[in-house]
Amino acid sequence: MLAYRSPSRRLKRSRGAVLAGALGSAVALILTGTGTGTAAAAPPAPDEPVRSGQAWMGAGTRIEQGPGSSAAGGITPMDTSGVQGIDVSHWQGAINWGSVKAAGISFAYMKATEGTSFKDSSFSANYTGSYNAGLIRGAYHFARPDVSNGATQAGYFASNGGGWSQDGKTLPGVLDIEHNPYGAMCYGLSTTQMRTWINDFYNTYKARTTRDVVIYTTASWWNTCTGSWTGMAAKSPLWIAHWGTASPTVPAGFPTWTIWQYTATGRVGGVSGDVDRNKFNGSLARLQALANNTA
């Protein structure tokens, strides 16, 4: 953050200084297109509150599993074999998607919305940039079951980045439903109410897009907050978050996982700082089939 200057001191700046600052800003903008990515502010530390609208995929997962630390050597093991992906939000800052692609990343999901009124400030840049770089991309919605019903949030998501088109490069949207980073783990809902909420989100999203929504969650959250519900196993692909393990634990009712978020402290060329890393459970052809709805 820049140091504070009084209005009178700011007015005394020379025109030359203003021009130099403008040129510096222009150079910085050029560099972000060719460098390794420009970091935004780091997410809140684990002991700091997350402001409404500022959650990210894994904000609740770290409450259960711990934040990890790249500085401490990262989380191991990390399964970097097979088809690799990342998920991002505005917390990653400006991303050089060409470098991400060159680093061997095949797919990327980015935050689009949260609740009923929050849109991620970097969504458009990430969604377009990843597509233009040749990645298979998709959008996710951070669920807030404490602020509205599931149908309302599914509609908001579908209207603000969560849509789908059969272009071979767009994945179905994700319902990111995890430990509440703002309060009570299950958002104040009973297991029956949570099942209804998720089912309403699913039905509305499918009606809007024709696709089955992908569910991102942890085994602990799902088993606790839905009562080990089996009702989505035959509908939604599972994106499981389980860090620092050689094999993820799958929630009750799901036969297997489709995507595995195996670390929150990964590193990838084109992204400055930590980034979530993920593995797809299958070949690149199967990932393309998921995008095309031919899986």
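In this text the structure is predicted, and so the values were computed from the model without any measurement.

Caption draft 1: Geometry of the overall build of the protein chain. A count of helices and strands for the protein chain gives 9 helices and 9 strands. For the protein chain, with 295 residues in total, the buried portion stands at 48%. The long-range fraction of contacts in the protein chain, counting pairs at least 24 apart against all pairs at least 6 apart in sequence, stands at 68%. As presented, the protein chain carries roughly 12,900 Å² of accessible surface, and 54% of it is formed by carbon and sulfur atoms.

Caption draft 2: Region of the structure containing the packing of aromatic side chains. All told, the structure shown has 12 aromatic pairs when counted by the stated rule. An aromatic cluster is defined as three or more aromatic residues linked by ring pairs; in this entry it consists of Phe157, Trp197, Phe201 and Tyr205. One cation-aromatic arrangement involves Arg137 over Tyr127; the distance from NZ or CZ to the ring centre is 3.6 Å. The cationic tip of Arg211 hangs over the ring face of Trp164; the distance from NZ or CZ to the ring centre is 4.8 Å.

Caption draft 3: Here's a closer look at unusual backbone geometry. Positioned with a positive phi, Tyr187 is a non-glycine residue whose angle comes to about 60°. The exposure class assigned to Tyr187 is buried, which follows from its relative accessible area of 5%.

Caption draft 4: Layout of the pattern of salt bridges. If you walk through the whole model with that rule in mind, you get 6 salt bridges. In this structure, Glu114 engages Lys111 in a salt bridge whose closest nitrogen and oxygen atoms are separated by 2.7 Å. Judged on exposure class, the residue Glu114 and its partner Lys111 are both buried. Each of Lys111, Glu114, Arg144 and Asp146 takes part in salt bridges that share partners, so that together they form one network.

Caption draft 5: Fine view of the state of the cysteines. Here the structure, examined in full by the defined rule, presents 1 disulfide. Note that Cys186 is cross-linked by a disulfide to Cys225, the S-S spacing being 1.9 Å. Across the disulfide from Cys186 to Cys225, rotation about the S-S bond amounts to roughly -75°, and the bridge is consequently left-handed. In this pair, Cys186 is assigned in the loop between β5 (174–176) and α7 (191–209) and Cys225 in helix α8 (residues 219–225), connecting sequence segments 39 residues apart. The two residues Cys186 and Cys225 agree in class, both being buried.

Caption draft 6: Geometry of the confidence of the model for the protein chain. Chain-level pLDDT for the protein chain is 87 on average; 83% of the residues reach the 70-or-more range. Note on residues 1–35: pLDDT is under 50 here. Beyond four places in sequence and across chains, it has 8 contacts. In this model, residues 69–75 is a region of pLDDT below 50 whose contacts with residues beyond four sequence positions or in other chains number 11 contacts.

Caption draft 7: Region of interest: the packing of helix α6 (residues 150–159) against α7. Following both chains from N to C, one finds α6 and α7 inclined at 35°, their axes separated by 7 Å at the closest point. When you trace α6 past α7, the crossing you get is right-handed. For the pair formed by α6 and α7, the contact residues are Gly150, Ala151, Gln153, Ala154, Gly155, Phe157, Ala158 and Ser159 on the first element and Trp197, Asp200, Phe201, Thr204, Tyr205, Arg208 and Thr209 on the second. When the residues that make up the contact of α6 with α7 are grouped by side-chain class, the tally is 7 nonpolar, 6 polar and 2 charged.

Caption draft 8: How the structure looks around the environment of Ile177. Note that Ile177 resides in the loop between β5 and α7. What makes Ile177 buried here is its relative accessible area of 0%. C-alpha of Ile177 to C-alpha of Ile198: the two residues are 21 residues apart in sequence and 8.8 Å apart in space. Discounting residues that sit within four places of it in the chain, Ile177 has contacts with Ala143, Pro145, Met194, Trp197, Ile198, Ile215, Tyr216, Thr217 and Trp221.

Caption draft 9: Region of interest: the nonpolar core. In this structure, Ile86, Trp97, Val100, Phe107, Ile177 and Ile198 are the most contacted members of the largest nonpolar core, which totals 68 residues. Residues in contact with Val100, not counting those within four places in the same chain, are Ile86, Ile95, Ile105, Leu135, Val268, Gly269, Gly270 and Val271.

Caption draft 10: Structural detail: the side chain of Gln261. Of note, Gln261 is situated in strand β8 (residues 259–266). Engagement of the side chain of Gln261 in a polar contact is seen with the side chain of Tyr216, the distance being 2.7 Å. Separated by 3.2 Å, the side chains of Gln261 and Asp276 make a polar contact.

The rules behind these values
- Residues numbered from 1 in each chain as written.
- Predicted model: local features only at pLDDT ≥ 70, side-chain atom pairs only at ≥ 80, totals over all residues.
- Heavy atoms only, no water.
- Helix = DSSP H or I, 4+ residues; strand = E, 2+ residues; numbered from the N terminus.
- Buried < 20%, exposed > 50% of the residue type's maximum accessible area, 1.4 Å probe, protein only.
- Contact = heavy atoms within 4.5 Å.
- Areas by Shrake-Rupley, 256 points an atom, 1.4 Å probe, with all protein chains shown as cover.
- Phe/Tyr/Trp six-rings, centres within 6.5 Å; stacked < 30°, edge-to-face > 60°.
- Lys NZ or Arg CZ within 6 Å of the ring centre and 35° of its normal.
- Salt bridge = Lys/Arg side-chain N within 4 Å of Asp/Glu carboxyl O.
- Disulfide = S-S within 2.5 Å.
- pLDDT = per-residue confidence, 0-100.
- Axes fitted to C-alpha atoms, helices over the stretch in contact; angles between N-to-C directions.
- Left-handed = near helix turned anticlockwise from the far one by under 90°.
- Nonpolar A, V, L, I, M, F, W, Y, C, P; charged D, E, K, R; others polar.
- Core = buried A, V, L, I, M, F, W, Y, C linked by side-chain atoms within 4.5 Å.
- Polar contact = N/O pair within 3.5 Å; in protein donor to acceptor, adjacent residues only side chain to side chain.

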